[in-house]
Amino acid sequence: MKPLRQQNVVDRQALLRAATRELRGPARRLFLKHSLTLGGIALLTGCTPGSEESAEQLLRKVSRLNDLAQAALFDPERLAPTYPESMLTRPFPFNAFYGIEMVPHVDAESFRLEVSGRVASRHAWSLAELGGLPQTSQVTRHICVEGWSAIGKWGGVRFATFLERIGADLSARYVGFKCADDYYTSIDMPTALHPQTLLTLRYGDEVLPPQYGFPMKLRMPTKLGYKNPKHIMALYVTNEYPGGYWEDQGYNWFGGS
Ligand SMILES: Nc1nc2c(c(=O)[nH]1)N[C@H]1C(S)=C(S)[C@@H](COP(=O)(O)O)O[C@H]1N2
Ligand SMILES: [Mo]
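Since the structure is predicted, the reported quantities are computational estimates derived from the model, not experimental observations.

Here we take up the sheet that holds strand 5 (residues 184-188). Overall, mixed pairing links the four strands, which are arranged 1-9-4-5 in an open sheet. Pairing within the sheet leaves two strands with one partner each, and these edge strands are strand 1 (114-117) and strand 5. Each neighbouring strand pair of the sheet contributes to a mean axis angle of 20°, computed without reference to strand direction. Pairing of strand 4 (residues 174-179) with strand 9 (residues 232-238) involves six bridges; the strand directions are antiparallel. When the sheet's bridge partners are listed, Phe177 is paired in strand 9 with Leu235.

Among the secondary structure elements, Lys217 is positioned in strand 8 (residues 217-219). No salt bridge forms around the buried Lys217; measuring N to O, its nearest opposite-charge neighbour Asp181 is 11 Å away. With residues near it in sequence (within four places) discarded, Lys217 still touches His142, Trp154, Leu198, Leu199, Thr200, Leu208, Tyr212, Asn228, Pro229, Lys230 and Ile232.

For strand 6 (residues 198-203), the tally of buried residues reaches five of six residues, placing the bulk of the element in the interior. Two elements, strand 6 and strand 8, share three bridges in a ladder whose sense is antiparallel. Within strand 8, the position partnered with Leu199 by the bridge is Leu218. Sheet analysis places strand 6 next to strand 7 (residues 206-207), joined by two bridges and oriented antiparallel. Among the inter-strand pairings, Tyr203 is bridged to a residue of strand 7, identified as Glu206. Where strand 6 folds back onto strand 7 in an antiparallel hairpin, the turn is made up of two residues, including Gly204, whose phi is positive at roughly 60°.

Next up on the list: the side chain of Asn228. Relative to the helices and strands, Asn228 is located in the loop between strand 8 and strand 9. Since its relative accessible area comes to 4%, Asn228 is described here as buried. A distance of 2.9 Å separates the side chain of Asn228 from the side chain of Arg219, its partner in a polar contact. Asn228 has contacts with Lys217, Leu218, Arg219, Met220 and Lys223, leaving out every residue within four places of it along the chain.

Here we come to the site of ligand 1. Not every one of the 21 residues close to ligand 1 is listed here, only the nearest: Pro93, Asn95, Asp181, Asn228 and Lys230. Within the backbone of Pro93, a nitrogen or oxygen atom sits 2.7 Å from an oxygen atom of ligand 1. In the model, an oxygen atom of ligand 1 is placed 3.1 Å from a nitrogen or oxygen of the Phe97 main chain. Here ligand 1 loses 99% of its free accessible area of 540 Å² to cover by the protein chains. In terms of residue class, the shell around ligand 1 is built from 12 nonpolar, six polar and three charged.

This next bit is on the nonpolar core. Counting 30 residues, the largest nonpolar core has Leu113, Leu130, Phe159, Phe162, Ile166, Leu199 and Met216 as its most contacted members. Those elements giving two or more residues to this core turn out to be helix 5 (127-131), helix 6 (159-165), strand 4, helix 7 (189-192), strand 6 and strand 9. When sequence neighbours within four positions are dropped, the list of residues in contact with Leu130 reads Leu113, Trp125, Gln135, Val157, Phe162, Leu199, Leu201 and Met216. Core analysis: the second largest hydrophobic core is formed by six residues, Ala150, Trp154, Leu208 and Tyr212 among them.

With that out of the way, let us pick up the pairing of strand 2 (residues 136-144). Pairing of strand 2 with strand 3 (residues 148-158) involves nine bridges; the strand directions are antiparallel. Of the residues in strand 3, the one forming a bridge with Ser137 is Gly155. Connecting the antiparallel pair strand 2 and strand 3 is a turn made up of three residues, with Gly147 showing a positive phi of about 105°.

This part covers the environment of Glu77. Tracing the sequence through the fold places Glu77 in the loop between helix 4 (52-73) and strand 1. Look at Glu77 and you get partly exposed, because its relative accessible area is 23%. For the pair Glu77 and Pro195, spaced 118 residues apart in sequence, the C-alpha separation works out to 7.8 Å.

Following the sequence through the fold, Tyr251 ends up in the segment after strand 9. The exposure class of Tyr251 is partly exposed, given its relative accessible area of 27%. Not counting the four nearest positions on each side in its chain, Tyr251 is found in contact with Val145, Tyr226 and Trp246.

Attention now moves to the packing of aromatic side chains. The description of two aromatic rings rests on the distance between their centres and on the angle between their planes. Under the definition given, this model contains 21 aromatic pairs. Through pairs of rings, three or more aromatic residues link up here, namely Phe97, Tyr98, Tyr183, Tyr226, Tyr245, Trp246 and Tyr251. Taking NZ or CZ as reference, Arg219 lies 4.4 Å from the ring centre of Trp154, over its face. The ring of Phe254 is capped by Lys223, whose NZ or CZ atom sits 3.5 Å from the centre of that ring.

The rules behind these values
Residues numbered from 1 in each chain as written. Chains lettered and ligands numbered in written order. Predicted model: local features only at pLDDT ≥ 70, side-chain atom pairs only at ≥ 80, totals over all residues. Heavy atoms only, no water. Pairing = 2+ DSSP bridges. Helix = DSSP H or I, 4+ residues; strand = E, 2+ residues; numbered from the N terminus. Axes fitted to C-alpha atoms, helices over the stretch in contact; angles between N-to-C directions. Buried < 20%, exposed > 50% of the residue type's maximum accessible area, 1.4 Å probe, protein only. Lys, Arg positive; Asp, Glu negative; His and termini not counted. Salt bridge = Lys/Arg side-chain N within 4 Å of Asp/Glu carboxyl O. Contact = heavy atoms within 4.5 Å. Polar contact = N/O pair within 3.5 Å; in protein donor to acceptor, adjacent residues only side chain to side chain. Near = heavy atom within 4 Å. Areas by Shrake-Rupley, 256 points an atom, 1.4 Å probe, with all protein chains shown as cover. Nonpolar A, V, L, I, M, F, W, Y, C, P; charged D, E, K, R; others polar. Core = buried A, V, L, I, M, F, W, Y, C linked by side-chain atoms within 4.5 Å. Phe/Tyr/Trp six-rings, centres within 6.5 Å; stacked < 30°, edge-to-face > 60°. Lys NZ or Arg CZ within 6 Å of the ring centre and 35° of its normal.

See below:
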């Protein structure tokens, strides 16, 4: 337990150094004094709110600072709440950037999960192979920024186990996901390795149904709904910031709950 905590402290300091390095002299002093007035934010981000365009840029930069803060505060050992099965929300809500009639239907037989980037093995995984890895399940709350939350039960492989199997570079910054609809997103490596982050193949006691993301959904009870990709077709490990479908339209990237 100790080494992980120490690691986390080192990461926090590294992040703080990275954040302060980004700042110019007067802004750094403001940052250290915690005097985050609007003028302070303007200095901190190098943006002056005035025109609509610069206000937008300003908000994006504040959101990226927020990512650094959330990453620094993220505790890789802290568990999100779990619930008894008696509290499952029925029916579990469906949500996507399109209506339920547009849900993609992926062929189970021919499906292969593509793996690329900073990994030792680019082997593409069949559903049978993924089902052969150690399975676990959990009952957690999914929170959507559209104003609803629901408790569901998902089962699958610990994502940390999967990343180890493919020989992923666990010191890389991001894991990116490409989905069967045009959705895409990406997460930070500490969250990818969190013990409750599961590559899920099942919902409740069934194979994950199409509307909930067949063939698989990455389920993270430490992140908001839009960070949890459904219909994953490909994933990659990278140090280049990959963004996401909603994130590129202004949603906060870290997206912790
Ligand atoms: N591929 C894909 N994944 C996605 C989305 C999407 O539109 N496409 N929507 C996200 C959002 S905003 C939410 S709230 C959840 C909804 O998951 P559910 O349908 O299982 O409730 O999926 C997330 N993952
Ligand atoms: Mo959502």
